[in-house]
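Each chain is listed here by its residues.
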Amino acid sequence: MADSSFDIVSKVERQEVDNALNQAAKEISQRYDFKGVGASIEWSGEKIEMKANAEERVKAVLDIFQSKLIKRGISLKALDAGEPQASGKEYRISASIEEGISQDNAKKVAKIIRDEGPKGVKAQVQGDELRVSSKSRDDLQSVQQLLKGKDLDFAIQFANYR
C-alpha cells in the first residue's frame, strides 16, 4: 500500500483579505467616531495602508480590519502590521499579508514532527511548503493535532490529504 501524505502550507485567499478590507473601509466611512479624522484603509501595491490623524485612531482602524479578517476565517498570524508612524499631520500603519512557509519555519515544523510525532512519519521541505508522509493515516492525523496544539508564530493549513 502506498504512503498517505498531506502538505502543510501557509496560504491566504487574497479575495477574502480584499473583502475584509472593503468591509473595514465601509465601517470606517460610516462610523460616527471616525467622522473628520481622515481615517482610511486601502491597498497600496502589495501592502495595506491605514491612515488617521491620531495614533489611537489609526490603531482603531487596524483593530476593525483585524476583526473583519477573523470573521472571514483568516488567521491574524498571516497579518504583519507595523507600528504607527507619524507622517506630517497623520499617522500611518503599513501591513502586509505573509504567505508561504520560510525555510527556517519549515525546518522548525519538521523538527517538531521528528521529535514529538509518531515514529515512521517523514517530513520534507518542498519550496514554501512541507510534505508529511506516513504509512498510517492515523499517524498523519495525530501530526495534524500535534501542530494545531503548538503555538507557531505563522499561520498553517493542511492541504492535499491523500
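For the structure, check the block above.
What counts, and at which threshold
- Within every chain, residues take consecutive numbers counted from 1 along the sequence as written.
- For this predicted model, a pLDDT threshold of at least 70 governs which residues receive local features, and a threshold of 80 or more governs which side-chain atom pairs are given and counted, while totals over whole chains, interfaces and linings are taken from all residues.
- Based on all heavy atoms of the structure, the side-chain values leave hydrogens and waters out of the count.
- For the exposure calls, accessible area comes from a 1.4 Å probe over protein chains only, and a residue counts as buried if that area is under 20% of its type's maximum, exposed if over 50%, partly exposed in between.
- Only DSSP runs of H or I covering at least 4 residues are called helices, and only runs of E covering at least 2 are called strands; the numbering of each starts at the N terminus.
- One bridge is not enough; two strands pair if DSSP finds at least two bridges between them.
- To define axes, lines are fitted to C-alpha atoms, for helices over the stretch in contact only, and angles between the resulting N-to-C directions are given on a 0 to 180 degree scale.
- By the convention used here, residues are in contact when the closest approach between their heavy atoms is within 4.5 Å.
- Note on definitions: salt bridges are taken to be side-chain nitrogens of Lys or Arg within 4 Å of carboxyl oxygens of Asp or Glu.
- To estimate the expected span of a helix, count its residues, drop one, and scale the result by 1.5 Å.
- As used here, the arc belongs to the directions running from the helix axis to the C-beta atoms.
- Between rings of Phe, Tyr and Trp, where Trp is taken as its six-membered ring, a pair exists when centres lie within 6.5 Å; planes separated by under 30 degrees are stacked, by over 60 edge-to-face, and by other angles tilted.

(A) Inspection of the pairing of strand β8 (residues 129-134) at higher detail. Where burial is concerned, most of β8 is hidden: five out of the six residues are buried. Examined bridge by bridge, strand β1 (residues 4-9) and β8 share five bridges and lie antiparallel to one another. Across the sheet, the residue bridging to D7 is R131, located in β8. Where strand β7 (residues 122-126) lies against β8, five bridges are found, and the strand directions are antiparallel. Paired with Q126 across the bridge in β8 is E129. Counting the residues between successive antiparallel strands, the hairpin from β7 to β8 contains two residues, one of them, G127, with a positive phi of roughly 65°.

(B) Inspection of the sheet that holds β7 at higher detail. With respect to topology, four strands assemble into an open sheet ordered β7-β8-β1-β9, the strand pairing being antiparallel. Each end of this open sheet is capped by a strand with a single partner; those strands are β7 and β9 (157-159). Pairs of neighbouring strands in the sheet enclose a mean axial angle of 30°, with direction left out of account. Against the sheet, helix α3 (residues 103-116) makes contact with β1, β7 and β8, and its axis sits at roughly 20° relative to β8, the strand it touches most. Contacting β1, β8 and β9, helix α4 (residues 137-149) crosses the sheet at an angle of about 20° to β1.

(C) Representation of the pattern of salt bridges within the structure. This structure, assessed with the given rule, holds 16 salt bridges. Across the pair K51 and E42 runs a salt bridge whose closest N-O atoms are separated by 3.5 Å. Judged by relative accessible area, which is 37%, E42 ranks as partly exposed.

(D) Molecular detail of unusual backbone geometry. In this structure, N160 takes a positive phi of about 55° despite not being glycine. Checked against the element boundaries, N160 lands in the segment after β9. Residue classification places N160 among the partly exposed positions, given a relative accessible area of 41%.

(E) Molecular detail of helix α2 (residues 55-71). Here α2 spans 25 Å end to end across 17 residues, near enough to the 24 Å set by a 1.5 Å rise per residue. For α2, the full list of buried residues reads V58, V61, L62, I64, F65, K68 and L69. Axial view of α2: buried residues confined to an arc of 155°, hence all on one face. Looking at α2, the residues exposed on the side facing more than 90 degrees away from the buried face are E56, I70 and K71. At the exit of α2 stands G73, carrying a positive phi of roughly 80°.

(F) Quick peek at the environment of S10. Checked against the element boundaries, S10 lands in the loop between β1 and α1 (14-30). Remark: the alpha-carbon pair of S10 and I156, spanning 146 residues in sequence, is separated by 4.7 Å.

(G) Fine view of the packing of aromatic side chains. All chains considered together, the criterion is met by two aromatic pairs. Their ring planes at 85° and their centres at 5.4 Å tell us that F6 and F158 sit as a pair that is edge-to-face. Here F6 is found in strand β1, whereas its partner F158 is found in strand β9, with 152 residues between them in sequence. Judged by relative accessible area, F6 falls into the buried class, the value being 0%. Given a relative accessible area of 25%, F158 falls into the partly exposed group. Each ring, one from F6 and one from Y161, has its centre 6.2 Å from the other, and the planes form 35°; the classification is tilted.

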